[in-house]
Amino acid sequence: MRYTLKDYQEDAVADVLDRLARARDDWHRRRWPVAFSLTATTGAGKTVMAAAVIEALFHGNPALEFDPDPGAVVLWFTDDPSLNEQTRFRLMAASDRIAHSQLEVIENTFNRAKLEPGKVYFLNRQKLGKKSLLVRGTPENSPADGQRELLPMPDARAYTMWDTLANTIADEQLTLYLILDEAHRGMRQPNPGDRAEKATIVQRLINGAKGIPPLPIVWGISATVQRFNEAMERAEGRTTYPHVVVDPVLIQESGLLKDDIRLSFPTEAGEFDTVLLARATRKVREATDRWHAYAEREGLAPDAVVPLLVVQVPNTPSDELLLSAITTVQEAWPELDDRMMAHVFGDHAPINVGGFSVPHVRPETVQDRSQIRVLFAKDAISTGWDCPRAEVLVSFRPARDETHITQLLGRMVRTPLARRVPGDDMLNSVACLLPRFDRQTATKVAQTMMGEREADADGTGGGGGRRVLLAPVDMVANSNIPEAVWEVLVEVPSQTLPRRVARPVRRLTALAQALSRDGLRKDARKDAYRNLFAKLDGLTTQHREDVAAASKGILEVRGETLVARFGGGEAFEYLPFVAVADEKSVEADFRAACRTLTTDVARKYADHVAGAEEDDDGLHDAHVRVAALAQVEEVPDALDREAERIAKRWFADYRVAIKALSDERQAVYDEIRSMSPQPREIEVKRPRIRTEETRDADGNELPTQTGHLMSDGNGDFPVGSLNNWEIEVLDKEMARTSFQAWYRNPSRPSGDALAVAYQNDRGEWRRMCPDFLFFHGVETVRVSIVDPHGPHFADALPKLRGLAEFAEKHGEFFHRIESVARMPGGVLRVLDLTEPSVREAVAKAHDAESLYQSDEAADY
């Protein structure tokens, strides 16, 4: 893969491959057709995950113990030909092992007996329509009179598409995998007795019809898969597997999606189209300057991010509206000309109004055509479209068209650098201006984007951590805060989110590659391999007898011959035999070693063992030795411990140097740290821009407080989001002797947030962000964690345990680590988690509320 998968993507790929391996076995052994789905919100990278799966189908994935399928044929099916082309482009961009020649769009001239293994074919619904050239000659039922109707097959065509599919399915050397993109489409259940009861094209494709067998393996992908899942459960004779669901909390936490959506709308009656469009244009210009400054500071290319303004118009816009929009944009941005504008209307003709000529462009090309700065669109542009550099949307849609707005806005939430910008809420946001909405209707859009209302069919509802802001103000560093406080903040320990699939050896090799790339440790990869090889050499000596026995077992194939005797005496006799293992048998054991030791280490260590011997026998003997060593039970864990020891030392040695790198490179090291099944320590980064809501749902100004690390120009920070007892905690802490500052910890685990890992009731790892950091002291500034949290919430005890474990590991850094709860009667009780007895009580507790009522707690 050209891209490094996020942890949730790796987990999803592992789950999908597990189901495909089972499905392949069920089909070839039992002829059971199988179906399952993958669901993830818009922007999760479903196509990237699919690319990793397809790579594994064709080439295998040793890390996941998934063998390649030499007969794999992939059919990618959608209801939109432009989406197929866009998907083909994305697969080529994501994978370095899927060649251009392996990706073929099925056109009307397609004419083959069978689909070829090792290829991905793209087919859209329209090409299977009754009058399509691909299917002419296939019997169809006439919906009018029920008589058989046979449209003639085109000249020179030997096979219809249905023939090709049937022949492919019938070939026992092939496995046909259908990937159904936007799988919810075409899955409606017809009403009984309705003339439209006839199954949709996609359902007939999946389930078979008129002599065409059902497709063997169906994998549906969508943000909303309920219709698909229900249709597959109704399908006669089809086995369904548990569906793969990607947690939206993990998607939001990954940094692939923007955190904030800023909604602007008029607060009084009137026509404000041009006013808000001009405001939107200024926002794009400001975003351009901010991204340029960020790129310059981080050493990125000046055009790393070129923000785009999207102007959404009604389905039948008047020339007057279009001309007004174009002239308004140009007046607010004089350097812009109509060559820097484009449209993606269904009518591909240029927009010619008032002497302007705005050309049409294909939606999938907009992201890479950075000279386009303004894009005119109608609905959601196209299914599956996204454009990470789209920073601002202004919609001339009326309030009743909120669905069209949320669909388009939902496709603009991908972060342009595929990562969160640490400490800059402005660059992690998208702006939406709605001149024809008011507060009530704009709130509906906000609720949909937050996932508080039923999400639309494209799954644009927000995951955990997303905010929709109606009156945002950007806070900057408070000039009244002493520098000593900031110095403490950036040393505060935070924690990574553990990974389900993680190997210390891979973590070490990734770290070595990063250190070499950044010039921090010359020949780091060589050093890493030298240390690992020395460990393996020592393990070989330590377990020489076990290695010798395993080597003998690899080189010998033992079996039995069953001899049946006729006549008296014993009827059967089992005679043992021993044969010499052939090359294929040895290589099978070596592949198993690659899964155990990692492919990289196993192959390089085999070369190390073979040494100067360049003949085949030397390498063969090395493969036997490595395979034997991997079979010794103690070896994999010992190698992992050595890799963990080296990585820990290198992270400590280069901690300061890593902090001096760019945001992009620091993010790489944070990702490497997280390649562990346990939480790993990272540090909080200094915030640059902090965006906060300044008005409540009714438009009233929120109260503020001084002393926060980030503030507006007056030194104030909004506290309207705090409840009464959180305000009580804040007031009490600010009244303590030697109070210096406070920090409202971001609610999402971003770079500028202190995050604590914990396991929920299902054993899944999550991260929580304690509410407050308080800074006290004069000569020496100390920081404290104070986390008010309701004990009645279902996650109260798991979060409390996570914070207790964090305190056990990092308690010496903090002055206090306290969890506060309001009890019946209004009394605040506190648990001091720096105390061992309190942590022990938390570990043994059955509920959180009893802890605060126990003797381990005190009045706050």
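In short, a report on the structure. The model shown is predicted, which means the values in this text are computed figures rather than measured ones.

A few points about the environment of Ala606
With respect to the element layout, Ala606 can be found in helix 17 (residues 599–610). Residue Ala606 is classed as buried on the basis of its relative accessible area, which comes to 0%. Along the primary structure Ala606 and His623 are separated by 17 residues, whereas in three dimensions their C-alpha atoms are 5.8 Å apart. For Ala606, the residues in contact, after removing those within four places along its chain, are Phe590, Leu619, Ala622, His623 and Val626.

A closer look at the pattern of salt bridges
Summed over the entire model, instances satisfying the criterion amount to 59 salt bridges. Where Arg29 meets Asp25, a salt bridge forms, and the shortest distance between an N and an O atom there is 2.4 Å. Residue Arg29 and its partner Asp25 are both found in helix 1 (residues 7–30); the two are separated by four residues, about one turn of the helix. Judged by its relative accessible area of 65%, Arg29 is exposed. A salt bridge links Arg530 to Asp527; the nearest nitrogen and oxygen atoms lie 2.5 Å apart. In this pair, Arg530 and Asp527 are both assigned in helix 14 (residues 524–542), three residues apart and thus about one turn of the helix distant. Take Arg530: its relative accessible area is 51%, and that puts it in the exposed class.

A closer look at the nonpolar core
Counting residues in each nonpolar core, the largest one holds 78 residues, and the members touching the most others are Leu20, Ile54, Trp219 and Leu263. With ten residues, the single largest contributor to this core is helix 2 (residues 46–59). Beyond its immediate sequence surroundings of up to four residues, Ile54 is in contact with Val74, Trp76, Leu91, Ile98, Val120 and Ile179. Core analysis: the next-biggest nonpolar cluster, separate from the first, contains 57 residues, Val781, Leu797, Leu851 and Ala857 among them.

What to know about the packing of helix 8 (residues 273–298) against helix 9 (residues 319–332)
Axis separation between helix 8 and helix 9 bottoms out at 9 Å; the angle between their running directions is 45 degrees. On the basis of their axis angle, the class for helix 8 and helix 9 is oblique. The way helix 8 lies across helix 9 gives a crossing that is right-handed. Along the contact surface, helix 8 presents Asp273, Thr274, Leu277, Ala278, Thr281 and Arg285, while helix 9 presents Leu321, Ser324, Ala325, Thr328, Val329 and Ala332. Residue composition of the contact of helix 8 with helix 9, by class: six nonpolar, four polar and two charged.

Describing the sheet that holds strand 27 (residues 710–711)
The sheet built from three strands is open, its strands ordered 25-20-27 with antiparallel pairing. For this open sheet the edge positions go to strand 25 (690–693) and strand 27, each flanked by a neighbour on one side alone. In this structure, strand 20 (residues 472–477) lies alongside strand 25, joined through four bridges in antiparallel fashion. By the bridge assignment for strand 25, Asp474 is matched with Thr691.

Things to note about the packing of aromatic side chains
Applying the stated rule across the entire model yields eleven aromatic pairs. Where Tyr529 meets Phe533, the ring centres are 5.8 Å apart and the plane angle is 25 degrees; that geometry is what we call stacked. Of the two residues, Tyr529 and Phe533 both sit in helix 14, four residues apart, roughly one turn of that helix. The residues Tyr529 and Phe533 share a single accessibility class, namely buried. Ring geometry for Phe813 versus Phe814: centroids 5.2 Å apart, planes at 75 degrees, classification edge-to-face. Classification of Phe813 by relative accessible area gives partly exposed; the value is 31%. Through successive ring pairs, a cluster of aromatic residues spans Phe717, Trp742, Phe772 and Phe774. Lying across the ring of Trp486, Arg686 places its NZ or CZ 4.2 Å from the centre.

Comments concerning the environment of Thr168
Tracing the sequence through the fold places Thr168 in helix 4 (residues 161–170). Spatially, the C-alpha atom of Thr168 lies 73 Å from that of Lys732, the residues being 564 residues apart in sequence. For Thr168, the contacting residues outside a window of four places in its chain are Lys114, Leu115, Leu174 and Leu176. Of the polar contacts made by the side chain of Thr168, one reaches the backbone nitrogen of Leu115; its length is 2.9 Å.

The rules behind each value
Residues numbered from 1 in each chain as written. Predicted model: local features only at pLDDT ≥ 70, side-chain atom pairs only at ≥ 80, totals over all residues. Heavy atoms only, no water. Helix = DSSP H or I, 4+ residues; strand = E, 2+ residues; numbered from the N terminus. Buried < 20%, exposed > 50% of the residue type's maximum accessible area, 1.4 Å probe, protein only. Contact = heavy atoms within 4.5 Å. Salt bridge = Lys/Arg side-chain N within 4 Å of Asp/Glu carboxyl O. Core = buried A, V, L, I, M, F, W, Y, C linked by side-chain atoms within 4.5 Å. Axes fitted to C-alpha atoms, helices over the stretch in contact; angles between N-to-C directions. Parallel < 35°, antiparallel > 145°, perpendicular 65-115°, else oblique. Left-handed = near helix turned anticlockwise from the far one by under 90°. Nonpolar A, V, L, I, M, F, W, Y, C, P; charged D, E, K, R; others polar. Pairing = 2+ DSSP bridges. Phe/Tyr/Trp six-rings, centres within 6.5 Å; stacked < 30°, edge-to-face > 60°. Lys NZ or Arg CZ within 6 Å of the ring centre and 35° of its normal. Polar contact = N/O pair within 3.5 Å; in protein donor to acceptor, adjacent residues only side chain to side chain.

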